[in-house]
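# Structure assessment
Listed below are the residues making up each chain.
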Amino acid sequence: MTFATPSPSTGAASRPAAWRGVIDAYRSFLPVSTATPLVTLLEGNTPLIYSKVLSQRLGEPFHVYLKFEGLNPTGSFKDRGMTLAISKAVESGARAVLCASTGNTSASASAYAAKANLRSLVLIPRGAIALGKLSQALIHGARVVAVDGNFDVCLQLVRAMAQQHPITLVNSINPFRIEGQKTCAFEVCDVLGRAPDFHLIPVGNAGNITAHWKGYREYHRGGRIASLPVMLGFQARGAAPIVSGRVVKVPKTIATAIRIGNPASWQSALQARDESGGRIDAVSDRQILEAYQLLAQHDGLFVEPASAASVAGLLALARGGYFRRDLKRRGRRLKDPALLVCTLTGHGLKDPERALKSIRPPRTLPPQIEAISKAVGLR
Ligand code: AN7
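Notes on the structure follow. (Residues numbered from 1 in each chain as written. Predicted model: local features only at pLDDT ≥ 70, side-chain atom pairs only at ≥ 80, totals over all residues. Heavy atoms only, no water.)

### Considerations on the side chain of Gln 235
Put simply, the rule reads: Under the scheme used here, helices are H or I runs from DSSP no shorter than 4 residues and strands are E runs no shorter than 2 residues, and both carry numbers assigned from the N terminus. For every residue, the accessible area (1.4 Å probe, protein chains only) is compared with the maximum for its type, and the residue is labelled buried under 20%, exposed over 50%, or partly exposed between those bounds. Residues adjacent in sequence count toward polar contacts only when both atoms are side-chain atoms; beyond that, a polar contact is any pair of N or O atoms within 3.5 Å, and within protein one must be able to donate a hydrogen and the other to accept it.
Turning to its location among the elements, Gln 235 is positioned in strand E8 (residues 230-236). The buried category is assigned to Gln 235, whose relative accessible area is 0%. Polar side-chain contacts of Gln 235 include one of 2.9 Å to the backbone nitrogen of Ile 242. A polar atom in the side chain of Gln 235 sits 3.5 Å from the backbone nitrogen of Val 243.

### Considerations on the side chain of Arg 177
What counts, and what does not: None of His or the chain ends enter the tally, which takes Lys and Arg as positive and Asp and Glu as negative. The working definition used for a salt bridge is a side-chain nitrogen of Lys or Arg within 4 Å of a carboxyl oxygen of Asp or Glu. We call two residues in contact when some of their heavy atoms are within 4.5 Å.
Along the chain, Arg 177 turns up in helix H7 (residues 175-181). The charged side chain of Arg 177 is buried without a salt bridge, its nearest counter-charge being Asp 79 at 8.7 Å. Residues contacting Arg 177, with those up to four places away along its chain left out, are Lys 78, Gly 81, Met 82, Ala 85, Thr 105, Val 170, Asn 171 and Ser 172.

### Points about the sheet that holds E8
Let me state the cut-off plainly: Here a strand pair is declared whenever DSSP counts at least two bridges between the two strands. The convention used is that axes are lines fitted to C-alpha atoms, helices contributing only their stretch in contact, and that angles between N-to-C directions extend from 0 to 180 degrees.
Here six strands make up an open sheet; going across it, the order is E1-E2-E10-E7-E8-E9 and the pairing mixed. In the strand order of this sheet, the two ends are held by strand E1 (48-50) and strand E9 (279-283), each with one partner. Neighbouring strand axes in the sheet, compared pairwise and without regard to direction, differ in orientation by 25 degrees on average. As defined by bridge partners, E8 adjoins E9 across five bridges and the pair is classed as parallel. Bridge pairing in E9 links Gly 233 to Ile 280. Its contacts with the sheet put helix H8 (residues 183-192) on E1, strand E2 (62-68), strand E7 (198-202) and strand E10 (338-344), and the angle it makes with E2 is roughly 135 degrees.

### Description of the pairing of E8
Convention followed: Look down the strands so they point away from you; if going from the first strand over the helix to the second traces a clockwise path, that crossover is right-handed.
In terms of burial, E8 is a largely internal element, seven of the seven residues being buried. Side chains of E8 alternate between two faces, with Val 230, Leu 232, Phe 234 and Ala 236 and Met 231, Gly 233 and Gln 235 buried alike. Two elements, E7 and E8, share five bridges in a ladder whose sense is parallel. Bridged to Leu 200 within E8 is Leu 232. At this point the chain moves from E7, through helix H9 (residues 207-221), to the parallel E8, and the crossover so formed is right-handed.

### A closer look at the site of the ligand
To keep it simple, the criterion reads: Being near a molecule or strand, for a residue, means having at least one of its heavy atoms within 4 Å of it. Throughout, the Shrake-Rupley method with a 1.4 Å probe supplies accessible areas, and for residues the shown protein chains are the sole cover considered. Under the scheme applied, nonpolar residues are Ala, Val, Leu, Ile, Met, Phe, Trp, Tyr, Cys and Pro; charged residues are Asp, Glu, Lys and Arg; polar residues are all the others, including Gly.
Taken together, 22 residues are adjacent to the ligand, and Asn 104, Thr 105, Asn 205, Ala 206 and Thr 345 come closest. Interatomic distance of 2.8 Å between a backbone N/O atom of Thr 102 and an oxygen atom of the ligand. One nitrogen or oxygen atom from the side chain of Asn 104 is found 2.7 Å from an oxygen atom belonging to the ligand. Considered on its own, the ligand offers 470 Å² of accessible surface; in the complex 99% of this is hidden by protein. If you list the elements that add at least two residues to the shell around the ligand, you get helix H4 (104-116) and H9. Residues that form the shell around the ligand fall into these classes: eight nonpolar, twelve polar and two charged.

What follows is the structure, encoded as structure tokens:
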């Protein structure tokens, strides 16, 4: 079996042009001009990976692809929106940026702010963000305040602070964030040569599902794709306000990135769901952790728990026969391949503590080959 095709180390003529980030790649779809300074860490261009194990679980005609956003520069999809939000902040003369975050937004904001020489200020819910994300915000030089309250409280505070002070809010209520994040949908279409039939995505503050739907619609309007996907969003069961239709005062889930009880983009998430004929469902922490381990152990992809919500949702809907029913309802012949894309929003190294809690820790043994061989089942 071949796992990789060696590519020549010389022969510059055949080398593709260097990637220069999502603003450069999709300029004509974005609100930038030649006057906009480009603050980029070369985000985007993330791999779209075929999953044999998930495709087999669903069976023909379904082909499942994973868009691994954990490979962005700061390890999450937030970088797509942040390159634009920070570039526009610099263009408008801002000196400092501000955000509330369950972790990834703060990691991204502080990195892009560092690159742009802006000050960054971050509010996080105390004790509720993954270690890797906290370390990122701190090392990039953000001023970080842990607030005795959850994410929703932090978001209220930063909204008010941005009214009172000359500081640019870079949460996804900043429209440039959504504009940048829609490039993920563009990349999916560019690689597949068409829109997928279904796009599955974790939902927290609901900016990303909003951005993806906007991206697909703009590509459709621009004649780049002939059809639109069904959008399927997944919240964690203990933090599922959009599913229940009610604000969740005390959201609970091990997927800290999506521990959000009152999403800012609630209405536009409903719009994405309804216009695309999709759904927003809840998945349990146990389903999330099963998908998290399956991705790591069968696809070789280490994602953070929140990211596994899309795959947990895929497996739950497949078990209930949803995908077959939906194709039939739309009169699609079952022998045409049906393409599904799951967004994997963030990298597993963001939250190493969760991985260590999920798996038995290694045994410690004396440096003796017999004892070690026996313990690991070699004989
Ligand atoms: C890995 O960083 O809200 O529905 O403050 O980090 O667009 O909010 C993170 C959200 C999914 C949900 N997966 O996306 C923040 C924050 C990961 C995330 C989501 C987040 P949205």
